[in-house]
Amino acid sequence: MIKREIKATKTFQIEIVETMSNIVEVVAENEQEALLRAQEMYRNEEVILDSEDYIDTKFNIFEWE
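Keep in mind that what you see is a predicted model, and the values were worked out from it rather than measured.

The rules behind the values
- Residues numbered from 1 in each chain as written.
- Predicted model: local features only at pLDDT ≥ 70, side-chain atom pairs only at ≥ 80, totals over all residues.
- Heavy atoms only, no water.
- Helix = DSSP H or I, 4+ residues; strand = E, 2+ residues; numbered from the N terminus.
- Rg over C-alpha atoms; globule rule 2.2 N^0.38 Å.
- Buried < 20%, exposed > 50% of the residue type's maximum accessible area, 1.4 Å probe, protein only.
- Expected span 1.5 Å × (residues − 1).
- Polar contact = N/O pair within 3.5 Å; in protein donor to acceptor, adjacent residues only side chain to side chain.

### Let's talk about the overall build of the protein
Line of reasoning, step 1. Of regular secondary structure, the protein possesses 1 helix and 2 strands.
Line of reasoning, step 2. Ordered by position from N to C terminus, the α and β elements of the protein give β-α-β.
Line of reasoning, step 3. A compact globule built from 65 residues should have a C-alpha radius of gyration of about 11 Å, whereas the protein, at 23 Å, is more than 25% larger.
Line of reasoning, step 4. Once the C-alpha set of the protein is aligned to its principal axes, its extents read approximately 80 × 25 × 15 Å.
Line of reasoning, step 5. In the protein, which comprises 65 residues, the proportion classed as buried is 3%.

Right, dumping it as structure tokens:
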């Protein structure tokens, strides 16, 4: 009789996180207003991050049952 080795398999979830960064200049009366303006610029696609703004990629693994 031939014995076969049975390997248990698991399912994993892999989270891929890319970090991009860009510094924009915003004219405002205070920090809160500057932050809100920058967020609005980003949402309105006045600031677009692309491959030139790439910083890092991280992989996080989660066991899934």
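What follows continues from the structure just given.
### Points about helix H1 (residues 31-43)
Line of reasoning, step 1. With 13 residues, H1 extends 18 Å from end C-alpha to end C-alpha; this agrees with the ideal 18 Å at 1.5 Å per step.
Line of reasoning, step 2. Sitting at the amino-terminal end of H1 is Asn-30, which places a side-chain oxygen 3.2 Å from the backbone nitrogen of Gln-32.
Line of reasoning, step 3. Downstream of H1 by a residue or two, Glu-45 has a phi angle that is positive, lying close to 60 degrees.

### Considerations on unusual backbone geometry
Line of reasoning, step 1. We note that Glu-45 has phi near 60 degrees; this positive angle belongs to a residue other than glycine.
Line of reasoning, step 2. Here Glu-45 shows up in the loop between H1 and strand E2 (54-64).
Line of reasoning, step 3. Note on Glu-45: relative accessible area 60%, which makes it exposed.

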